[in-house]
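One-letter residues, chain by chain:
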Amino acid sequence: MENRRTLSVDIGSQNTRAWLFEQREDGFALACSAVAETTAASGQDLRAGVARALEGLQEKSGVRLLDLQQNLIRAEEGISACGLSVSAGKPIRTVLVGVSDTYSLAALRRLVSLFYTDVVLEIDLQDDLNATAQLEKLIAANADLFVCAGGTNQGAFKPVRAALDNLRIVYQSLPRLVRPQLVYAGNEALADYAREELEAGEDFHRALNIQARTNAESLAAGWPAMLGAFRRLRRQQLTGLAELEQDWECEALPSAFAASRVVRLIDRMNPEGKGAMALDVGCSSTIVIAARGEEFIGTISHPPISEQVGKDTSRYSTLPIDVQSAAVYMLNKKLHQAFLPATLEDLAIEQAWTRVRLHYALRRTRESFPWFGYDPELGLLDPYEPVLLSGESLVRVPAPQQTLLMALDGLQPHGITTFALDSDQLLAGLGSLAEKEPLLPVQLIDSGVFSNLGTVICADAPERPARRVLTLEIDRGESARETLDVRRGEVKRVESTPAGPMRIYLSPGELTDVGMGLPGLGGWVTVPLSEVGTVIDARGRPLDLPEEMNKRSEAFYNWLWELGG
Amino acid sequence: MGTEILAIACDQQILRSYTLPFAGSVLVRTGQEVEAGEPLAEIKMPERYQVFDVVNGLKINPSNIERHIERLVGEPVKAGDVVAQKSGLISRIFRAPQDGMVVAIRDGRITLALGEKKLQVLATYPGTVVEIIPERGAVVAVQGLLLQGVWGNGLNSSGELVSLDAAEPAAGKKQPTADLQGKIAVVPHVATKAAFSALLSREPAGLVLGSVMPELLPDLEQAPLPVMVLVGYGEYEIDALSKAMLRQMEDQTVYLNANEADASEQSRPDLILPGKAQVSPGLFREELRLEVGRRVRLLGKPYTGSTGEIVELPEEPEKFASGLVMRTVVVRREDDLIVRIPRENVELILE
């Protein structure tokens, strides 16, 4: 079909983003994008914000998308498929019920982590909580969502049955205006019993057992049921969502979950690769998604503003900023989330805070997924490539060098990796279309819709500062090759060659680890054209920052200067 | 993101929805005048639940359980009623400890809902009921002075508005005790925990603070009385418009609704002085947007808290000192200084 058009809309808490894709001769391409204010407060209909975003698309693309009644034009000249993702709405008050803390509750925390939940109560069925106390707690939680997992298949079921009895009373007794949803993701031998016992009709969502066998966990087994529960809740909570889904013939996905589809796709597109990672830093939440083969990690965290966060923010600032100034900025930004830094000082705080939010999110991810290779001191130990950066705090930045340095300081990766930037904040938009138009995200990723920020080579060596740790030989395809010495504590940049990929030979010192398998081991690396170029980070892990505030901010300033930012 | 709207309005129709979290009964009707604190809707709920394990509690054989249970699901019970019993030489009886109802009998367990508690939603200012929200609550309207803030601790109260020059008495002056009892006190800035404690010791009914230092946040959150912050965190003066509004409210009974600000719900804490004028239900509020001539309050150093009038809205984005390129609003401040500021960094004032 000629000029087949596809639409994707992501309804965030502040902004509603819309993207229009066109199928051209060489595949799908992003035609344009638009942003409007989300209209999801009580008394508002979120379709108003969506219509404004579509009007923006119409204006930019010259393509008529809305009819006179503001309905989306489908049919042959209109939109062939729509994707819809949602992160607007209050966090979903969630209760987890599991047979043990370390086993099923930990798995349930991982299961619900990408669905905008706020876990308000956890019931560990091995606790000595009597049935009355358990019931009182379940009622007091006033939850929107109850997620229950009950051990391995054919495992013990008595405590689960008792908990289901209480859940039924909670569900049947409370005249909640938003009907709570019940997800059962446990012992499959009890699933039919759970459905009959709870008498919740379509509010009951049966999942396959996420822990069918001991030491085997499959979060994917629980996702369809979680998606069903998420949609039914949001349709009740967000005016206009159900109608939008019906008119557009699509079902909304949680934005973070939609984004995770793209990360899994990138990982699958490179089966011999290291795994893919995406980081989305916004004002109120940070999303971490990582995929490598069957292994999947995904969390949404909401960093607190505390004295420690103030101290950490002051520590990572490119200007000398005291703790109180950092706290004033962060607290006021929390009050006015759309606020943008207009001064250098505000920008320095914002970017330092972004680094701290990344640290916090990675720590939280490690707590939920103990096998996630992150150490708060040593940084990201697992190799992921690419690392995709998204969200206002990483995208709305004056220079790509600043984004790259924030990511580098926030993650503190090891070895060699590539950072890419989701400038159009497309992750969720592509993910929500992946089911209907599977080729679309693949072709867009292939076409370079995510810009290549730069290749990073981390050289870690237990050497004294200023000692040479790595020598680079740079082959730009010309007769003469350049060499570059890198010393401990330095950040260096090698600019990209516009003509095409460049080869760099890494010759590390005896003790220097550049991620080639062993300290002292080097080799050739081919690096593609990128916005910043190739960055060599020889600062070591953990980052050795000067204690004195002025010297510390000077160090950050110099590193940024080295990157050209 | 749209521009934030801040109300500093003299003759404003103030509308507020009061709703229960559960389906309940609405206690008022449209057109009814209500006072602050008056219940608008309520729901009766069990005070507590009790789960009784019949098999273990009565020491009976699970296969014979049916014969020992004396009540059916849904049946009301009075305190002392026998719910289950095992007769015989050593009889065992489970009696209802309180009036209530049998809500479940499953797997040898009886669940009782006991007692009754009322969950009510109360009006926080006097006004007229202009809309009933079936089974949930009502919308109350009043015409009056409205001053919104940026932060609240979730409590509300009312009292006579008094203005203090500072949180602490001048050096050498003795701290009065309980002199603010029943009053809503306005304080331009609170810098220290000691100053805040000193204020609390004077027992006001509520506090309206211009600005506060960040370290006070835990104390503000835990304060036993409503606290509203007008401008934000840091050391800022109260803007001229808010000051003028506070002067108009002084010595009169005001209603402080220090509800938590929620950007997603576009709600803010506020201070209300009800007027005498009739409310005009059915009037729609005009949609506010950035326009030349509108007044705004500025955010971000060095302008935080100052107000001014929009004199220009350039179409082309401009590059700021931070290096970010943003759409701009040009504002003439009260002191006639012309400033260029990102559109995201202003609050549009509803007057």
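None of the values given here were measured: they were computed from a predicted structure.

1. Overview of the overall build of chain A
Within chain A, the secondary structure is distributed over 16 helices and 24 strands. The C-alpha radius of gyration of chain A comes to 25 Å, within 12% of the 24 Å expected for a compact globule of 565 residues. For chain A, the spread of C-alpha atoms along the three principal axes comes to 75 × 60 × 45 Å. Sequence separation of at least 24 residues holds for 68% of the intrachain contacts in chain A that already meet a minimum separation of 6. Put simply, chain A shows about 22,200 Å² of open surface, and 47% of that area lies on carbon and sulfur atoms.

2. With respect to the interface of chain B and chain A
At the interface, 49 residues of chain B touch 50 residues of chain A. Applying the counting criterion to the chain B and chain A interface returns seven salt bridges. One salt bridge in this structure joins Arg106(B) and Glu199(A), with 3.4 Å as the shortest N-O distance. For the side of chain B that touches chain A, the element with the most residues is strand E5 (residues 48–53) of chain B, which contributes four residues. Here the side of chain B that touches chain A is composed, by residue class, of 25 nonpolar, 11 polar and 13 charged.

3. Details of the domain arrangement of chain B
Frequently, the measure chosen for interface size is the accessible area removed from exposure when the parts meet. Examined at the domain level, chain B breaks down into domain 1 (4–43 + 121–274), domain 2 (47–115) and domain 3 (295–350). Summarising the inter-unit geometry, the C-alpha centres of domain 2 of chain B and domain 3 of chain B are found 69 Å apart.

4. Quick notes on the sheet that holds strand E19 (residues 468–475) of chain A
All names here are of chain A. Strand order in the open sheet formed by four strands is E20-E19-E22-E23, with antiparallel pairing between adjacent strands. One side of each edge strand has no neighbouring strand; the edge strands of this open sheet are strand E20 (482–487) and strand E23 (523–527). Neighbour-to-neighbour, the strand axes of the sheet open up by a mean angle of 25 degrees, direction not taken into account. When strand E22 (residues 502–508) meets E23, the two strands line up antiparallel, connected through five bridges. Within E23, the residue paired with Arg 503 across the bridge is Thr 526.

5. Topic: the pairing of strand E19 (residues 253–258) of chain B
Each regular strand displays side chains that alternate between the two surfaces of the sheet. Residue and element names in this part refer to chain B. Most of E19 is tucked away, with five of its six residues classed as buried. Taken together, the six bridges between strand E15 (residues 155–163) and E19 define a ladder with antiparallel strand orientation. Note on E19: the bridge partner recorded for Gly 159 is Val 254. Pairing of E19 with strand E20 (residues 270–274), which is carried by three bridges, proceeds in the antiparallel orientation. Considered in E20, the bridge of Asn 257 is made with Asp 270.

6. Structural notes on the side chain of Arg539(A)
Residues and elements named next belong to chain A. Structurally, the position occupied by Arg 539 is in the loop between strand E24 (533–537) and helix H16 (549–563). Residue classification places Arg 539 among the buried positions, given a relative accessible area of 3%. One polar contact links Arg 539 to Asp 409, side chain to side chain, over a distance of 2.7 Å. For Arg 539, the side chain forms a polar contact with the side chain of Asp 537, separated by 2.9 Å. Here Arg 539 is in contact with Leu 405, Leu 408, Asp 409, Arg 488, Gly 489, Glu 490, Val 491, Asp 544 and Trp 559, once residues within four sequence places are set aside.

7. Comments concerning the environment of Thr304(B)
Residue and element names in this part refer to chain B. You can see Thr 304 is positioned in the loop between strand E21 (295–298) and strand E22 (307–312). When the C-alpha positions of Thr 304 and Glu 42 are compared, they lie 42 Å apart, and in sequence the two are 262 residues distant. Polar side-chain contacts of Thr 304 include one of 3.0 Å to the backbone nitrogen of Gly 300.

8. Side note on the sheet that holds strand E3 (residues 27–37) of chain A
Residues and elements named next belong to chain A. Strand order in the open sheet made by the five strands is E3-E2-E1-E4-E10, with mixed pairing throughout. Strands with a single pairing partner mark the edges of an open sheet, and in this sheet they are E3 and strand E10 (253–254). Relative to E3, strand E2 (residues 15–24) runs antiparallel, the two being bridged by 10 bridges. Each bridged residue has a counterpart across the sheet, and for Thr 16 the counterpart in E3 is Ala 36. Against the sheet, helix H1 (residues 46–61) contacts strand E1 (5–11), E2 and E3, and its axis sits at roughly 130 degrees relative to E3.

9. Quick notes on the nonpolar core
Residues and elements named next belong to chain A. Judged by nonpolar contacts, the single largest core of 109 residues is most densely connected at Met 277, Phe 419 and Phe 450. The element that contributes the greatest number of residues to this core is helix H8 (residues 255–269), accounting for eight residues. Apart from the residues within four sequence positions on either side, Phe 450 is in contact with Val 262, Ile 266, Leu 388, Ala 420, Leu 421, Asp 422, Leu 426, Leu 427, Leu 430 and Ile 445.

10. Structural notes on the domain arrangement of chain A
Residue and element names in this part refer to chain A. Partitioning chain A into structural domains gives domain 1 (5–88), domain 2 (92–237) and domain 3 (259–563). On a C-alpha basis, the centroid separation for the pair domain 2 and domain 3 is 37 Å. Listed by partner, the interface residues are seven residues for domain 2 and 11 residues for domain 3. Buried area between domain 2 and domain 3, both sides added, is near 810 Å², and the carbon and sulfur share of it is 72%. The interface formed by domain 2 and domain 3 contains zero salt bridges. The tally of links between domain 2 and domain 3 comes to three residue pairs in polar contact (both at pLDDT 80 or more).

11. Details of the pattern of salt bridges
Where charged atoms of side chains with opposite charge meet at close range, the side chains can pair. For the structure shown, the criterion picks out 59 salt bridges over all chains. Where Arg315(A) meets Glu547(A), a salt bridge forms, and the shortest distance between an N and an O atom there is 4.0 Å. Here Glu547(A) lies in the loop between E24 and H16 and Arg315(A) lies in helix H9 (residues 307–315), a separation of 232 residues in the sequence. The exposure class assigned to Glu547(A) is exposed, which follows from its relative accessible area of 65%. A salt bridge links Glu347(B) to Arg268(B), with the nearest nitrogen and oxygen atoms 2.8 Å apart. Of the two residues, Glu347(B) is situated in strand E27 (residues 346–350) and Arg268(B) in the loop between E19 and E20; the sequence distance between them amounts to 79 residues. Accessibility classification places Glu347(B) together with Arg268(B) in one group, the buried group. A cluster of three or more residues bridged by salt bridges with shared partners is formed by Arg355(A), Asp409(A), Asp537(A), Arg539(A) and Arg541(A).

Calculation criteria
- Residues numbered from 1 in each chain as written.
- Chains lettered and ligands numbered in written order.
- Predicted model: local features only at pLDDT ≥ 70, side-chain atom pairs only at ≥ 80, totals over all residues.
- Heavy atoms only, no water.
- Helix = DSSP H or I, 4+ residues; strand = E, 2+ residues; numbered from the N terminus.
- Rg over C-alpha atoms; globule rule 2.2 N^0.38 Å.
- Contact = heavy atoms within 4.5 Å.
- Areas by Shrake-Rupley, 256 points an atom, 1.4 Å probe, with all protein chains shown as cover.
- Salt bridge = Lys/Arg side-chain N within 4 Å of Asp/Glu carboxyl O.
- Nonpolar A, V, L, I, M, F, W, Y, C, P; charged D, E, K, R; others polar.
- Domains from an automatic or database assignment.
- Pairing = 2+ DSSP bridges.
- Axes fitted to C-alpha atoms, helices over the stretch in contact; angles between N-to-C directions.
- Buried < 20%, exposed > 50% of the residue type's maximum accessible area, 1.4 Å probe, protein only.
- Polar contact = N/O pair within 3.5 Å; in protein donor to acceptor, adjacent residues only side chain to side chain.
- Core = buried A, V, L, I, M, F, W, Y, C linked by side-chain atoms within 4.5 Å.
- Buried area = accessible area lost by both parts, 1.4 Å probe.

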